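Observations on chain architecture
Residues per chain are reported as follows:
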Amino acid sequence: MKSALAIHDLSCHAASSLNVVLPVLYAAGIDTSFLPSAILSSQSDGFDSLYSRPLDDECTRIMDAWLGYGLVFDCLYSGYLADHRQVELVKRARRELLSSDALVVTDPVMGDDGRMYQNITHEHIEAMRSLTRGSTLITPNQTEACLLAGCAMKGEVGLEEAEALVRTLHDMCGALVVVTSMTLEGGMTVNMACDGGQVRTFPFERIGMSYPGSGDLFTSLLCALMLNGEPFFVCVMKATRIASHAVNLTFAQGRERREGVIVSYAIRDMLDREAGSARV
């Protein structure tokens, strides 16, 4: 059984971060441990009077204990970090807790829809750039891709410009790249992936609602599929289809946006597809 370490924030209400990552990885048969970078009263999009507490000291002490246990993980998947100093926690985990051929997945959570999140600073962007180096895979959304590349944030982009952005990120960090939820000229929404040679686009239907946790869901699915040994572009295709299907079903249920995507829809879809493949 493959093992993973997830370093994300823990929202005590609504579907986001560890509330999405853990059930997906568990359902995929990945033995998963986690470090909560921060604890929040809820996910931050749509809730007032948010309580948030970074857990740097707690994470450090947990890692100290784990070293005594001799834990070694096959994957490290990091997401939201409460401030730029927490990048050092992730780098320490990379140095001390991973197998030599571990899958290192970095979701550089910093903003969305052309805006940076409130706590994001220039130091945070620079720290995230440093974290992408040494990653096996990075999964920024369109806004985060522009922040990493230092280019202007736009709404719709041309296909050639989008492909150039994805290649720029690969050249910067040497990792596999998926830029999620890119809006191309004409309104098509795609996940765009680069393996260093090819760039491929994976379109999906964009409904009139953007649910928190959708990016976490996509990257969790992608991480699980890659750990289970499927080729990169096949993994991107499957993760795109499953995540998009879950978002569409969430919308059809009339789910309040701030409650986030319904993760169980994706898990059922993932397991049904695996069962179908096994029958074939």
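A brief report on the enclosed structure follows.

The rules behind these values
- Residues numbered from 1 in each chain as written.
- Predicted model: local features only at pLDDT ≥ 70, side-chain atom pairs only at ≥ 80, totals over all residues.
- Heavy atoms only, no water.
- Helix = DSSP H or I, 4+ residues; strand = E, 2+ residues; numbered from the N terminus.
- Rg over C-alpha atoms; globule rule 2.2 N^0.38 Å.
- Contact = heavy atoms within 4.5 Å.
- Areas by Shrake-Rupley, 256 points an atom, 1.4 Å probe, with all protein chains shown as cover.
- Lys, Arg positive; Asp, Glu negative; His and termini not counted.
- Charge placed at Lys NZ, Arg CZ, Asp CG, Glu CD.
- Salt bridge = Lys/Arg side-chain N within 4 Å of Asp/Glu carboxyl O.
- Buried < 20%, exposed > 50% of the residue type's maximum accessible area, 1.4 Å probe, protein only.
- Disulfide = S-S within 2.5 Å.
- Expected span 1.5 Å × (residues − 1).
- Pairing = 2+ DSSP bridges.

**Looking at the overall build of the protein**
- Looking only at helices and strands, the protein features 9 helices and 11 strands.
- The C-alpha radius of gyration computed for the protein amounts to 18 Å, which stays within 12% of the reference 19 Å derived for 280 residues, consistent with globular compactness.
- Taking the principal axes of the C-alpha coordinates as reference, the protein spans close to 55 × 50 × 45 Å.
- Long-range pairs, those at least 24 residues apart, make up 69% of the contacts in the protein between residues at least 6 apart in sequence.
- Here the protein has roughly 12400 Å² of accessible surface; of this, 50% comes from carbon and sulfur atoms.
- Here the protein contributes 23 positively and 34 negatively charged side chains, and the mean placements of these two sets differ by 2 Å.

**Quick look at the pattern of salt bridges**
- Taken as a whole and assessed by the stated rule, the structure comprises 9 salt bridges.
- For the salt bridge of arginine 257 with aspartate 45, the shortest nitrogen-to-oxygen distance reads 2.8 Å. Of this pair, arginine 257 sits in the loop between helix H8 (232-252) and helix H9 (263-279) while aspartate 45 sits in the loop between strand E2 (31-40) and strand E3 (52-54), and the two are 212 residues apart along the sequence.
- On the accessibility criterion, arginine 257 (27% relative accessible area) is partly exposed.
- With a relative accessible area of 33%, aspartate 45 lands in the partly exposed category.
- The shortest N-O distance in the salt bridge between aspartate 83 and arginine 85 comes to 3.6 Å.
- Of the residues examined, arginine 85 reaches a relative accessible area of 53% and is grouped as exposed.
- A cluster of three or more residues bridged by salt bridges with shared partners is formed by Asp64, Arg92 and Glu96.

**A look at the environment of arginine 206**
- Residue position: arginine 206 is located in the loop between strand E11 (199-204) and helix H7 (214-227).
- Remark: the alpha-carbon pair of arginine 206 and glycine 187, spanning 19 residues in sequence, is separated by 9.2 Å.
- Once residues within four sequence positions are removed from consideration, arginine 206 is found in contact with Asp113, Ser181, Thr183 and Thr189.

**Looking at the state of the cysteines**
- This model, assessed by the stated rule, comprises 0 disulfides.
- Lacking any disulfide linkage, cysteine 146 is separated from the closest cysteine sulfur, that of cysteine 151, by 3.7 Å.
- A disulfide-free cysteine, cysteine 223 has its sulfur positioned 3.4 Å from the sulfur of cysteine 75, the nearest such atom.
- According to the relative accessible area criterion, cysteine 223 is buried, its value standing at 0%.

**Some words on H7**
- For H7, with 14 residues, the first-to-last C-alpha span of 20 Å sits near the 20 Å given by 1.5 Å per residue.
- For H7, the buried fraction is high: 12 of the 14 residues fall into the buried class.
- Buried residues of H7: Asp216, Leu217, Phe218, Thr219, Ser220, Leu221, Leu222, Cys223, Ala224, Leu225, Met226 and Leu227, and no others.
- Looking at the residues trailing H7, positive phi occurs at glycine 229, about 95°.

**Overview of helix H3 (residues 87-96)**
- Of all the positions in H3, only Val87, Leu89, Val90, Arg92, Ala93 and Arg94 are classed as buried.
- Considering only its buried residues, H3 is in contact with strand E1 (3-11), helix H2 (56-69), strand E4 (73-78), strand E5 (98-106) and helix H4 (122-132).

**A look at the pairing of E11**
- Alignment of strand E10 (residues 189-194) against E11, held across 6 bridges, turns out to be antiparallel. Each residue of the ladder has a partner; that of asparagine 191, found in E11, is phenylalanine 202.
- Where E10 hands over to E11, the hairpin turn is made up of 4 residues, of which glycine 196 adopts a positive phi near 100°.

Structural measurements only, silent on function.
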